[in-house]
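Structural description and commentary
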Amino acid sequence: MNIDRMEFLAWMERLMGRLDMLGDNINELQKKRNSIDGEELLDNQDLLQMLKISNRSLQRYRSIGKLPYYTISGKLYYKLSDVHQFIRESFNPPTTKLSANK
């Protein structure tokens, strides 16, 4: 059984078009699922792995108001910009000891 070269190329082109459409659909779904107002959302697991902290520490930051959060369908989410702001505010640059000779 021989397949005509032109027919093969047409099938391949059609297949690639479908794969491109699927890729675009997947990208759109991911953007909608993980964002609000165009901003990326992180869940508890994302944040625990990113900050390398315990679940209790994350709960404490929420309780004292250091880290804003949003509840959607009973699940907690954090805006990426809020997380970056939390990191900036929590960062303590190392202090250098002044020399006693000065």
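Residues numbered from 1 in each chain as written. Predicted model: local features only at pLDDT ≥ 70, side-chain atom pairs only at ≥ 80, totals over all residues. Heavy atoms only, no water.

We now examine the confidence of the model for the protein. Per-residue pLDDT for the protein has a mean of 86; in total, 88% of the residues score no lower than 70. Of all helices and strands in the protein, the one with the weakest mean pLDDT is strand β1 (residues 35-36) (72), whereas helix α3 (residues 55-63) scores best (95). (pLDDT = per-residue confidence, 0-100. Helix = DSSP H or I, 4+ residues; strand = E, 2+ residues; numbered from the N terminus.)

What follows covers the pairing of strand β4 (residues 75-79). Across a regular strand the side chains alternate sides, sitting on one face of the sheet and then on the other. Where burial is concerned, most of β4 is hidden: 4 out of the 5 residues are buried. Across 3 bridges, the pairing between strand β2 (residues 39-43) and β4 is antiparallel. Across the sheet, the residue bridging to leucine 41 is lysine 79, located in β4. Of the pairings in the sheet, the one linking strand β3 (residues 70-72) to β4 comprises 3 bridges and is antiparallel in character. Bridge pairing links threonine 71 to leucine 76 in β4. The hairpin formed by β3 and β4 contains 2 residues between the paired strands, and serine 73 there has a positive phi angle of roughly 55°. (Buried < 20%, exposed > 50% of the residue type's maximum accessible area, 1.4 Å probe, protein only. Pairing = 2+ DSSP bridges.)

Attention shifts here to unusual backbone geometry. Leave glycine aside and you will find that most residues have negative phi; peptide bonds, for their part, are mostly trans. One non-glycine residue with positive phi stands out, namely lysine 52, at about 55°. Mapped onto the fold, lysine 52 is located in the loop between α2 (44-51) and α3. By relative accessible area, which is 72% here, lysine 52 ends up exposed. Phi is positive for serine 73, which is not a glycine, with a value near 55°. Secondary-structure assignment places serine 73 in the loop between β3 and β4.

In contact at an axis separation of 10 Å, α2 and α3 are set at 105° when each is read in the N-to-C sense. Regarding the angle of α2 to α3, the classification is roughly perpendicular. Contacts from Asn44, Leu47 and Leu48 in α2 reach Asn55, Leu58 and Arg62 in α3. Each residue belonging to the contact of α2 with α3 can be placed in one class, and the counts come to 3 nonpolar, 2 polar and 1 charged. (Axes fitted to C-alpha atoms, helices over the stretch in contact; angles between N-to-C directions. Parallel < 35°, antiparallel > 145°, perpendicular 65-115°, else oblique. Contact = heavy atoms within 4.5 Å. Nonpolar A, V, L, I, M, F, W, Y, C, P; charged D, E, K, R; others polar.)

On the surface, Ile3, Met6, Phe8, Leu9, Met12, Leu15, Met16, Leu19 and Leu22 cluster together to form a nonpolar patch covering roughly 870 Å² of accessible area. Structurally, methionine 12 can be placed in helix α1 (residues 5-33). On the basis of relative accessibility, which here comes to 34%, the residue methionine 12 falls in the partly exposed class. (Patch = residues over 30% accessible without salt bridge, like charges linked within 9 Å, V, L, I, M, F, W, Y side chains within 5 Å. Areas by Shrake-Rupley, 256 points an atom, 1.4 Å probe, with all protein chains shown as cover. Salt bridge = Lys/Arg side-chain N within 4 Å of Asp/Glu carboxyl O.)

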